[in-house]
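# Breakdown of the fold
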Amino acid sequence: MIAFNSLAILALLFFIAHVLLLFTSFGKKGYQKKRYFYSHLTLWVCGALVFLMAMLFAGTNTSSILDVFDTPGKQLLILGMVVVLSLSAHTIVRLLVMPKYQLDSK
């Protein structure tokens, strides 16, 4: 149970870091490319941690949510969802947010 709780807390912290880094990547100082990259990196680490948790604890009745991911195919859906989320966020930023910063810099 200690390993499960530790991984869950770590995944939550990485997700919170992702959200904070993403929202602070754009502001008064303009677009901060390095911070934006780190926001994606923290999302990928969070996804990898959740995937690891599913591999270790699915089907063990430790978590009813993780028990849903009881096959390798379902576990790969976690990584697929992380990729889709990352690409969606990147597309939104590229199409909606970045044009604003490019107009402000002219």
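Here, the structure is the one placed above.
Here's a quick rundown of the structure. Computed from a prediction, not measured in an experiment: that's the story for all the values here.

Bringing the overall build of the protein chain into the picture now. Counting secondary structure elements, the protein chain contains three helices and two strands. Order of helices (α) and strands (β) in the protein chain, N terminus to C terminus: α-β-β-α-α. In terms of overall size, the protein chain is more extended than a compact globule, its C-alpha atoms giving a radius of gyration of 17 Å where 106 residues would be expected to give roughly 13 Å. Expressed along its principal axes, the backbone C-alpha trace of the protein chain runs to roughly 55 × 25 × 15 Å. Looking at the protein chain as a whole, 29% of its 106 residues are labelled buried.

Counted according to the given criterion, the structure contains six aromatic pairs. Arranged with centres 5.4 Å apart and planes meeting at 85 degrees, the rings of Phe4 and Phe57 form a pair that is edge-to-face. One end of the pair, Phe4, is in helix H1 (residues 2-24); the other, Phe57, is in helix H2 (residues 33-57), and 53 residues separate them in sequence. For Phe4, a relative accessible area of 12% gives the class buried. A relative accessible area of 13% places Phe57 in the buried class.

Our next topic: the nonpolar core. Soluble globular proteins tend to bury their nonpolar side chains together. Counting residues in each nonpolar core, the largest one holds eleven residues, listed as Phe4, Leu7, Ala11, Cys46, Leu49, Phe51, Met53, Ala54, Phe57, Leu66 and Ile78. The set of elements that each furnish at least two residues to this core consists of H1 and H2. With near-sequence residues (within four places) excluded, Phe51 lies in contact with Gln75, Leu76, Ile78 and Leu79. Leu22, Phe26, Tyr36 and Met98 belong to the second largest nonpolar core, which has five residues in total.

Parameters at a glance
- Residues numbered from 1 in each chain as written.
- Predicted model: local features only at pLDDT ≥ 70, side-chain atom pairs only at ≥ 80, totals over all residues.
- Heavy atoms only, no water.
- Helix = DSSP H or I, 4+ residues; strand = E, 2+ residues; numbered from the N terminus.
- Rg over C-alpha atoms; globule rule 2.2 N^0.38 Å.
- Buried < 20%, exposed > 50% of the residue type's maximum accessible area, 1.4 Å probe, protein only.
- Phe/Tyr/Trp six-rings, centres within 6.5 Å; stacked < 30°, edge-to-face > 60°.
- Core = buried A, V, L, I, M, F, W, Y, C linked by side-chain atoms within 4.5 Å.
- Contact = heavy atoms within 4.5 Å.

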